Amino acid sequence: MNTSSILLECSALACERDGRILFEKLDLSVSAGDIVQIEGPNGCGKTTFLRALTTLLPDYEGEIYWGGDCIRRVRRDYLSNLLFIGHLPGVKNTLTPRENLAFLSRLHRHTSLADIDTALAKVGLYGYEDMPGHQLSAGQLRRIALARLHLSHARVWVLDEPYTAIDKEGVANLEASFIEHANRGGCVIMTSHQAPSIKQLKTVSIQEYAPTRTYEAKQGVADESL
Amino acid sequence: MKAFDPDAGVKFNEQDYSEQNSGDEVSHTQGFSAVLKRDLVTAFRQRGDMINPVVFFLMVVTMMPLGISPESKALAFLAPGLLWVIALLATLLSLDSLFRSDYDDGSLEQLILSPQSLYFMAIGKVLSHWLTTGLPLTFVAPLLGVLLALPAEGYLPLLMSLFLGTITLSFVGAIGAALTVSLRKGGLLISLIIMPLYVPVLIFGASCVRLAVEGFAIGGPLAILGAFCAAALVLAPLAIAGALRMSVEA
């Protein structure tokens, strides 16, 4: 395994939201084999950071590099190596798990039905392949999205709260697939409020990069805006 | 094992990844057909929503003789314009939901993050919208022409003009839907954005039918409708793709 290769690199990244700087001067490099957990209290900018990483939020300062190139320039290549699962799983409850997964994975590459069924079985949805989504539980709907992890050939996994609505056994399976992905030379970047039991886990606290804000400073800003 | 070389892009040194791929293959048709198929299946499962515009069309047209006059002469005079106005409003009503559910369940993000071309995926989405609203409206319209005592010469032009016109309405309307999808109450805003763009289609569509009823050639307005349709088909997806990207940022 070549752990020295840097896949993703952020330099002096800064994001603001509604006129408030969430974080600034954020430097982070993610190598092949890394599993990175982004930490921080609610509203500190974890999701914003992930959205900047996925190019969904192009409104940031600083640069993000994919294999040495700015992601704005190699967007297509970067996207084909990126798997993002956000708060919203992108699963329709009018479709069956099989149809949902087929659609989501065919947005990236052609996938055979046999592979789709195998992936669904791996996340514990064996026997539910043809059940309409509105008859499934919230956790099962999320599992459909998580089944994409088993089909994807992307090297960079960006996951926003992957453990939401997932039971203990499911969490253990997820962690196993993170480790397997890392060992194959991929990387995982995720946010979570749970502490994953992964040995090689790196944690980054977004709050450390938040600009120091005191009550007086805030007052000053408020006065200016008036 | 080779060292990582930033100048040559990302190299996949690890055996697993080098065997599998270096990214996903990109084809224009794959994203298009995946979106089209999924949307048609979804629309078919929610048939109630699908027939809404047609039911609206039907209801308004059946009220017209009651509200105006049951006299066939008066109705026949109004029929071309009425049918076109009501078909246009029925399309407008259905627009708000075009990207709404994709935005709410997060699949819009996934569309945008797909390496496939968003341009073709947008065409797929709008095409399925047209197949489930514009096309049924087109085929119901001649039937409703009978209710409004539309003269016999008007039926074929009505069918042809609505066929071309509803494609244009769907594509142009989708721009408004894409722009307003991130707003809670975008319904009124869509109408304000889209109405001015619908006016030329309405003018040429309705005049096409009226000219036919009055016994004139309809080649001119029909050709202009065809030109609108071609332009919308090619240019609107650019605007839709841009608007969707912008909506997801918010």
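Residues numbered from 1 in each chain as written. Chains lettered and ligands numbered in written order. Predicted model: local features only at pLDDT ≥ 70, side-chain atom pairs only at ≥ 80, totals over all residues.

**Describing the overall build of chain A**
Selection criterion: The helix and strand labels rest on DSSP assignments: H or I over at least four residues marks a helix, E over at least two residues marks a strand, and numbering proceeds from the N terminus. With C-alpha atoms as the basis for the radius of gyration, the globule rule is written as 2.2 Å multiplied by the number of residues raised to the power 0.38. Exposed residues have 12 or fewer other C-beta atoms within 10 Å of their own C-beta, buried residues have 20 or more, and residues in between are partly exposed; the C-beta atoms are placed from the backbone.
Secondary structure summary: chain A contains eight helices and nine strands in total. Relative to the compact-globule value of 17 Å for 226 residues, chain A shows a C-alpha radius of gyration of 19 Å, a close match. The dimensions of chain A, computed from C-alpha atoms along their principal axes, are 60 × 40 × 35 Å. Split into buried and exposed, the 226 residues of chain A put 46% on the buried side.

**Focus on the overall build of chain B**
Which entries qualify depends on this criterion: By the criterion used throughout, residues are in contact when their C-beta atoms, derived from the backbone, lie within 7 Å.
Across its full length, chain B carries 10 helices and zero strands. Counting from the amino terminus, helix and strand elements in chain B follow one another as α-α-α-α-α-α-α-α-α-α. Within chain B, the fraction of its 250 residues that count as buried is 47%. Contacts in chain B between residues far apart in sequence, at least 24 positions, make up 80% of those at least 6 positions apart.

**Side note on helix 9 (residues 187–213) of chain B**
Cut-off, in case you're wondering: For a residue, the bend is simply the angle between two axes, fitted respectively to the seven-residue segment ending there and the seven-residue segment starting there.
Taken as a whole, helix 9 of chain B carries its principal kink of about 45° at Met195 of chain B; the proline Pro196 of chain B stands between one and four residues after it. A positive backbone phi angle near 90° is found at Gly215 of chain B, which sits one or two residues after helix 9 of chain B.

**Side note on the pairing of strand 8 (residues 187–191) of chain A**
All names here are of chain A. Stated precisely, the cut-off is as follows: For two strands to be treated as a pair, DSSP must find no fewer than two bridges joining them.
In terms of burial, strand 8 is a largely internal element, five of the five residues being buried. Of the pairings in the sheet, the one linking strand 3 (residues 35–39) to strand 8 comprises four bridges and is parallel in character. Paired with Ile35 across the strands is Val188, a residue of strand 8. As judged from the five bridges shared by strand 7 (residues 156–160) and strand 8, these two strands associate in the parallel manner.

**Here we look at the packing of helix 8 (residues 155–180) of chain B against helix 10 (residues 219–249) of chain B**
All names here are of chain B. So the rule is basically this: Here, axes are lines fitted to C-alpha atoms. For helices the fit covers the stretch in contact, and angles between N-to-C directions go from 0 to 180 degrees. Here the angle decides the label: under 35 degrees means roughly parallel, over 145 means roughly antiparallel, 65 to 115 means roughly perpendicular, and every other value means oblique. Note on convention: near helix rotated counterclockwise from far helix by under a right angle means a left-handed crossing. Clockwise means right-handed. Residue polarity is assigned by list, with Asp, Glu, Lys and Arg as charged and Ala, Val, Leu, Ile, Met, Phe, Trp, Tyr, Cys and Pro as nonpolar; anything else, Gly included, falls into the polar class.
Between helix 8 and helix 10, the least distance of the axes is 8 Å, while the angle of their chain directions is 20°. Considering the angle they form, helix 8 stands roughly parallel to helix 10. For the element pair helix 8 and helix 10, the recorded crossing hand is left-handed. For the contact of helix 8 with helix 10, a count of residues per class yields 20 nonpolar, five polar and no charged.

**Brief notes about the sheet that holds strand 2 (residues 20–31) of chain A**
Residues and elements named next belong to chain A. Sheet architecture is open: four strands sit in the order 2-1-4-5, paired in antiparallel fashion. Two strands close off the open sheet at either side, each with one partner strand: strand 2 and strand 5 (69–70). Note that strand 4 (residues 61–66) and strand 5 share two bridges and pair antiparallel. Paired with Trp66 across the strands is Asp69, a residue of strand 5.

**Regarding the sheet that holds strand 6 (residues 82–85) of chain A**
Residues and elements named next belong to chain A. Strand order in the open sheet formed by five strands is 6-7-8-3-9, with parallel pairing between adjacent strands. If you trace the sheet from one side to the other, it starts and ends with strand 6 and strand 9 (201–205), each paired once. Each strand of the sheet is rotated relative to its neighbour by a mean of 15°, with strand direction disregarded.

**Looking at the environment of Leu82 of chain A**
Inspection of the secondary structure puts Leu82 of chain A in strand 6. The exposure class of Leu82 of chain A is buried, given the 26 C-beta atoms found within 10 Å. Separated by 65 residues in the primary sequence, Leu82 of chain A and Ala147 of chain A place their C-alpha atoms 15 Å from one another. Leu82 of chain A has contacts with Thr54, Ala154, Val156 and Val158 of chain A together with Leu113 of chain B, leaving out every residue within four places of it along the chain.

**Quick notes on unusual backbone geometry**
Residues and elements named next belong to chain A. Notably, Glu161 is not glycine yet its phi reads approximately 50°, a positive angle. Overall, Glu161 belongs to the partly exposed group, with 19 C-beta atoms counted inside 10 Å. At Ala165, a position not held by glycine, the phi torsion is positive, near 65°. Relative to the elements of secondary structure, Ala165 occurs in the loop between strand 7 and helix 7 (168–183). The exposure class of Ala165 is partly exposed, given the 14 C-beta atoms found within 10 Å.

**As for the pairing of strand 6 of chain A**
All names here are of chain A. A two-sided burial pattern is seen for strand 6, the buried positions comprising Leu82 and Phe84 on one face and Leu83 and Ile85 on the other. Note that strand 6 and strand 7 share four bridges and pair parallel. Counterpart to Phe84 in the pairing with strand 7 is Val158.

**Concerning the environment of Arg184 of chain B**
Within the secondary structure, Arg184 of chain B is located in the loop between helix 8 and helix 9. Taking C-alpha positions, Arg184 of chain B is 9.9 Å from Arg100 of chain B, a pair spaced 84 residues apart along the chain.

**Topic: the confidence of the model for chain B**
Residue and element names in this part refer to chain B. Threshold: For every residue, the pLDDT score states the predictor's confidence, bounded by 0 at the bottom and 100 at the top.
Across chain B, the average pLDDT comes to 88, with 90% of residues at 70 or higher. Ignoring residues within four places in sequence, the model shows residues 1–16, a span with pLDDT below 50, making 31 contacts including any to other chains. Taken together, the chains of this predicted complex give a pTM of 0.87 and an interface ipTM of 0.86.

**Details of helix 7 (residues 118–147) of chain B**
Residues and elements named next belong to chain B. The line we're drawing: An expected span of 1.5 Å times one less than the residue number is assigned to each helix.
Taking 1.5 Å per residue, 30 residues should reach 44 Å; helix 7 reaches 42 Å between its end C-alpha atoms and fits that length. Approximately 40° is the largest bend angle found in helix 7, and it occurs at Trp130. For helix 7, a buried count of 21 out of 30 residues is recorded, marking the element as mostly surrounded by other parts of the structure. Two residues or fewer past helix 7, Ala149 is found with a positive phi of approximately 55°.

**Notes on the packing of helix 7 of chain B against helix 8 of chain B**
Residues and elements named next belong to chain B. Contact geometry for helix 7 and helix 8: axes closest at 9 Å, N-to-C directions at 150°. The angle between the axes of helix 7 and helix 8 places the two elements in the roughly antiparallel class. At the point where helix 7 passes helix 8, the crossing takes the right-handed sense. Facing helix 7, whose interface residues are Val126, His129, Trp130, Gly134, Leu137, Thr138, Ala141, Pro142 and Gly145, helix 8 presents Tyr155, Leu158, Leu159, Leu162, Phe163, Thr166, Ile167, Leu169, Ser170, Phe171 and Ala174. Across the contact of helix 7 with helix 8, the residue classes break down as 14 nonpolar, six polar and no charged.

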